[in-house]
Amino acid sequence: QVQLEESGGGLVAAGGSLRISCAASGRTFSTYAMGWFRQAPGQEREFVAFISWSGDISYVDSVKGRFTISRDNAKNTVYLQMNSLKPEDTAVYYCAADTSGIYRGSQAIDYWGQGTQVTVSS
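Residues numbered from 1 in each chain as written. Predicted model: local features only at pLDDT ≥ 70, side-chain atom pairs only at ≥ 80, totals over all residues. Heavy atoms only, no water.

**What to know about the overall build of the protein**
1) Next: For the protein, the helix and strand inventory stands at 0 helices and 11 strands.
2) Next: On C-alpha atoms alone, the protein measures out to a radius of gyration of 13 Å, which is about the 14 Å that the 2.2 N^0.38 rule sets for 122 residues.
3) Next: Partitioning the contacts of the protein with sequence separation of at least 6, the portion at a separation of at least 24 is 56%.
4) Next: Total accessible area on the protein is roughly 6200 Å²; 45% of this is exposed by carbon and sulfur atoms.
5) Next: Averaging the positions of the 10 positive and the 11 negative side-chain charges in the protein gives two centres separated by 5 Å. (Helix = DSSP H or I, 4+ residues; strand = E, 2+ residues; numbered from the N terminus. Rg over C-alpha atoms; globule rule 2.2 N^0.38 Å. Contact = heavy atoms within 4.5 Å. Areas by Shrake-Rupley, 256 points an atom, 1.4 Å probe, with all protein chains shown as cover. Lys, Arg positive; Asp, Glu negative; His and termini not counted. Charge placed at Lys NZ, Arg CZ, Asp CG, Glu CD.)

Listed below in structure tokens is the structure:
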């Protein structure tokens, strides 16, 4: 069983930056694909970014050029650096792990974190 714990959420003004982190338990973190989803009030959870075990990265179009996903396998941690934040980025951000090592879609996610709130004020 893998546990994912997010941190770093909060309130930020539009145009600002925030970095959220996700620490994972276990010894095989480096073999997992790790990523982030988000869910705004009244909306479905949506894919934000993912990084494979080998470092291949994908982003949803709405965050390209503003968000950067990275991982530190020595710390069992994945990060999401969010710059030029917009009010529409306001959501609960969830960490996710795909133990296959690549992102296979939301239905194939093996582990989810509890989420961290990110609020962007206008």
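**Focus on the state of the cysteines**
1) Next: For the structure shown, the criterion picks out 1 disulfide.
2) Next: What pairs with Cys 22 in a disulfide is Cys 95, and their sulfur atoms sit 2.0 Å apart. Taking the sign of the torsion about the S-S bond as the criterion, the disulfide between Cys 22 and Cys 95, at about -80 degrees, is left-handed. With a gap of 73 residues between them, Cys 22 in strand 3 (residues 18–24) and Cys 95 in strand 9 (residues 91–98) connect regions that are remote in the sequence. (Disulfide = S-S within 2.5 Å.)

**Let's talk about the nonpolar core**
1) Next: Residues Leu 4, Met 34, Trp 36, Val 78, Leu 80, Met 82 and Tyr 93 are the most contacted members of the largest nonpolar core, which totals 29 residues.
2) Next: Every element with two or more residues in this core is listed here: strand 3, strand 4 (33–39), strand 5 (46–51), strand 7 (67–72), strand 8 (77–82), strand 9 and strand 11 (116–121).
3) Next: Setting aside residues up to four positions removed in sequence, Met 82 forms contacts with Gly 16, Ser 17, Leu 18, Ile 20, Arg 66, Phe 67, Tyr 93 and Val 118.
4) Next: Counting 6 residues, the second largest nonpolar core, distinct from the first, contains Phe 37, Phe 47, Ala 96 and Ile 109. (Core = buried A, V, L, I, M, F, W, Y, C linked by side-chain atoms within 4.5 Å. Buried < 20%, exposed > 50% of the residue type's maximum accessible area, 1.4 Å probe, protein only.)

**Points about the sheet that holds strand 7**
1) Next: Spatially, 1-3-8-7 is the arrangement adopted by the 4 strands of the open sheet, whose pairing is antiparallel. In the strand order of this sheet, the two ends are held by strand 1 (4–7) and strand 7, each with one partner. Averaged over all pairs of adjacent strands, the angle between strand axes in this sheet comes to 15 degrees, irrespective of strand direction.
2) Next: As paired strands, strand 3 and strand 8 are joined by 6 bridges and run antiparallel to one another. (Pairing = 2+ DSSP bridges. Axes fitted to C-alpha atoms, helices over the stretch in contact; angles between N-to-C directions.)

**Focus: the pattern of salt bridges**
1) Next: Applying the stated criterion across every chain, the model contains 6 salt bridges.
2) Next: Here Asp 61 makes a salt bridge to Lys 64, at a shortest N to O gap of 2.9 Å.
3) Next: On the basis of relative accessibility, which here comes to 48%, the residue Lys 64 falls in the partly exposed class.
4) Next: Within the structure, one salt-bridge network assembled from shared partners comprises Arg 38, Glu 46, Arg 66 and Asp 89. (Salt bridge = Lys/Arg side-chain N within 4 Å of Asp/Glu carboxyl O.)

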